[in-house]
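Structural description and commentary
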Amino acid sequence: MTRGAAGPTLVLVLAVGVLVATGVTLLLERSLTRILLGIILLGNGVNLLILLGGRSGAAPLAGTALAGGMSDALPQAMVLTAVVITFGLTAFLLAVAYRAWFTSGDDEVQDDLEDRQIVRLAGRDEVAAADLGGEGPDDDREQVDPEPARRRLRRDEES
Amino acid sequence: MSGLVPLPVVVPLLGAALTLILTGRPRLQRSISVLCLGSVLLVAVVLLGEAYRHGPVVVRVGGWPAPVGIVLVADQLAALMVVVSSAVTLCVLLYSIGQGRAETGETAPVSIYHPTYLVLTAGVTNAFLAGDLFNLFVGFEILLAASFVLITLGGTEARLRTGSTYVVVSILSSLLFLSAVGLVYAATGTLNMAQLAGRLDAVPSGVRLTLQLMLLLAFGIKAAVFPVSAWLPDSYPTAPAPVTAVFAGLLTKVGVYAIIRTETLLFPGGRVSGLLMVVAGLTMVVGILGAVAQSDMKRLFSFTLVSHIGYMIFGVALSSVAGLSGSIFYVVHHITVQTTLFLVAGLVEERAGSTDLRRIGGLARVTPVVAVLFFVPAMNLAGIPPFSGFLGKLGLLQAGVAAGGALPAVLVGAGTVTSLLTLYVASRVWNIAFWRAPKVATGTPNTRLPGLMVGATAALVALGVLLTLVAGPLFQVTADAATDLRQRTPYVRAVLPRDVP
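About the criteria used
- Residues numbered from 1 in each chain as written.
- Chains lettered and ligands numbered in written order.
- Predicted model: local features only at pLDDT ≥ 70, side-chain atom pairs only at ≥ 80, totals over all residues.
- Heavy atoms only, no water.
- Helix = DSSP H or I, 4+ residues; strand = E, 2+ residues; numbered from the N terminus.
- Buried < 20%, exposed > 50% of the residue type's maximum accessible area, 1.4 Å probe, protein only.
- Contact = heavy atoms within 4.5 Å.
- Areas by Shrake-Rupley, 256 points an atom, 1.4 Å probe, with all protein chains shown as cover.
- Axes fitted to C-alpha atoms, helices over the stretch in contact; angles between N-to-C directions.
- Parallel < 35°, antiparallel > 145°, perpendicular 65-115°, else oblique.
- Nonpolar A, V, L, I, M, F, W, Y, C, P; charged D, E, K, R; others polar.
- Buried area = accessible area lost by both parts, 1.4 Å probe.
- Salt bridge = Lys/Arg side-chain N within 4 Å of Asp/Glu carboxyl O.
- Polar contact = N/O pair within 3.5 Å; in protein donor to acceptor, adjacent residues only side chain to side chain.
- Expected span 1.5 Å × (residues − 1).
- Pairing = 2+ DSSP bridges.
- UniProt positions renumbered as here; feature names shortened; annotations may be inferred.

Before going further, it helps to spend a moment on the overall build of chain A. For chain A, the count of helices and strands is 5 helices and 0 strands. Sequence-ordered secondary structure for chain A, helices as α and strands as β, is α-α-α-α-α. The proportion of buried residues among the 159 residues of chain A is 30%. When contacts within chain A are restricted to residue pairs at least 6 apart in sequence, those whose partners lie at least 24 apart make up 48%. Counting only carbon and sulfur atoms, one obtains 63% of the accessible surface of chain A, whose full area is about 10,000 Å².

This part takes up the packing of helix H2 (residues 26–54) of chain B against helix H4 (residues 113–129) of chain B. Residues and elements named next belong to chain B. Running from N to C, H2 and H4 cross one another at 10 degrees; their axes reach a closest spacing of 10 Å. Considering their axes alone, H2 and H4 lie roughly parallel with respect to each other. Along the contact surface, H2 presents Gln29, Arg30, Ser33, Cys36 and Leu37, while H4 presents His114, Pro115, Tyr117, Leu118 and Thr121. Broken down by class, the residue content of the contact of H2 with H4 amounts to 5 nonpolar, 4 polar and 1 charged.

Of the residues lining the interface, 49 residues belong to chain A; the matching set on chain B comes to 50 residues. For the pair chain A and chain B, the summed buried surface comes to about 4,100 Å²; carbon and sulfur atoms form 67% of the total. At the boundary of chain A with chain B, the tally comes to 0 salt bridges. The interface formed by chain A and chain B contains 1 residue pair in polar contact (both at pLDDT 80 or more). Contributions of two or more residues to the side of chain A that touches chain B are made by helix H2 (32–53), helix H3 (73–104), helix H4 (113–123) and helix H5 (149–158) of chain A. For the side of chain A that touches chain B, the element with the most residues is H3 of chain A, which contributes 14 residues.

For the rest of this paragraph, the subject is helix H15 (residues 368–382) of chain B. Residue and element names in this part refer to chain B. Here H15 is 15 residues long and its end C-alpha atoms lie 21 Å apart, about the 21 Å a rise of 1.5 Å per residue gives. Across the 15 residues that make up H15, a large majority, 11, are buried. Among the residues of H15, those classed as buried are Val370, Ala371, Leu373, Phe374, Val376, Pro377, Ala378, Met379, Asn380, Leu381 and Ala382. Of the residues one or two after H15, Gly383 is the one with positive phi, at around 90 degrees.

Bringing the pairing of strand E2 (residues 71–74) of chain B into the picture now. All names here are of chain B. Burial of E2 is two-sided: the residues Val71 and Val73 facing one way and the residues Leu72 and Ala74 facing the other way are all buried. Here strand E1 (residues 57–60) runs beside E2; their pairing, made up of 4 bridges, is antiparallel. Among the inter-strand pairings, Val57 is bridged to a residue of E2, identified as Ala74.

Time to look at the UniProt feature "domain: NADH:quinone oxidoreductase/Mrp antiporter transmembrane" (unreviewed entry) in chain B. The UniProt record annotates "domain: NADH:quinone oxidoreductase/Mrp antiporter transmembrane" (unreviewed entry) at residues 130–421 of chain B. Helix makes up 80% of residues 130–421 of chain B and strand 0%, with an end-to-end C-alpha separation of 37 Å.

Given below as structure tokens:
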């Protein structure tokens, strides 16, 4: 890292690029473990990016350096907060991945079942929950003779 | 008076700590949670009155003056949001306590539920009150971390499958937000929103547009705006009913709030209003068409939730006082009504054993009370005249017509079609689930619903109706808030008085 008020080094900029690119690539996988690794890399890339936002320089302690030559402490404080948050979320995601592996034997993120069902229905050109109507008074015995709810339900089970 | 501002954040956090300590004593845990949220509601009402009469209430955390320390700002918009959100969270808390007491309750009261729920509330209020972009990010993270725990509560296979999608998408949007925050700081050297309002105007317009779009994308994912909304209907429905209800009511609205705040305070001038309008129209139409295809009540309501976010974005895109005012009113209305509908879905699940429209029917005869509790908010959502849904939509459509031009006109059309399709969806649920011959999915129906669950739902239904009755004064508040937002000066002057360098 360069000292003084010069801009960020190219190495850091490239590191951000590589971290974010690999992170995004891993995020596109289906396995939660790889997604987790992707999020860790991406998070580190973003943290480095924030660090680049501030001026680099000497440690910001009063009396140790000229005011102009000090680094900007605020991005570093933000990165600290962000690191803690990313760490917590990563730990949670790790727990989710482990639990998913524990319950279902793998940690792949599955498609939504209802979605697939609706795609199938759409392929057959059918309605999801048809309101068929057409139930006249004869189809509905209770239409004529309403009784208290509890007894009616019991009779339904018997028939 | 400014001493009250941090309370909506601090009280739930302290409550969370207390309830975590008292894990073994559920009765005490419950009363602490209710007490916390009740006092937050009281404080929020006082704050709203103060902000309405005397302008934004500001507190400098730690006594540091504004650009150095962080500030919490309760202007009219923020205070109004805190009032509505705390009222809704209180009702949902009562509902979940009622559900925990029911013998056939789907989830036994997990001891972790109360602390997490309070942390979630603290995150939501912190996001509303934040006067600093990084503090807004922290608020988002607090509520997200709590919501991760709530959505995977119990750790069953289905919840993990849907929960992992939610967790990954949320983390990704947070990282986007975080990098946008970093870039904003790199471009301006500050994150205080009032100071940013002045400094961003001096930033080159290309950079400014990039920052605006990055923030918009991050908030758009959180608010479930169309191209990035697919995660919501997949992840919300499997969570327990009160959790889904509070997520549906609040979490997306926090995203909408952040969009309103950044688009008015940081990036005024409506440079992306064309994009926002296209996105709003697509959100409305695609969302409601998704709802038409669904056969499960909870999934169906998730899609109407996505669809109606479009109305709020439309109001923001108009960036006129009338549009913003309509948008804020719609947020208030939608928080109430959408939460109510998910709570009713929970009641239906409790009573009939399922929310799948293929397996239930005729509930109007089995449980008339639930039928009424469904009918009122459903018609409210669809925008049937006396209700606040109608007034909110009318306000937005009038603002759209007043704006003139081709795109707003198309949006007005899309809004009307969406409203009609919502009516179709609502009446389809009514016909199938409530109006046919009785049919329940469970062999051992739970004939008596717990009074507290029904009571809490009824209270929210009543709140929705009350919004109709007080629509006049409420529109005054929202119009006032919208004027302040458009002017920007009341907010900036409250945070950075002239005597501060």
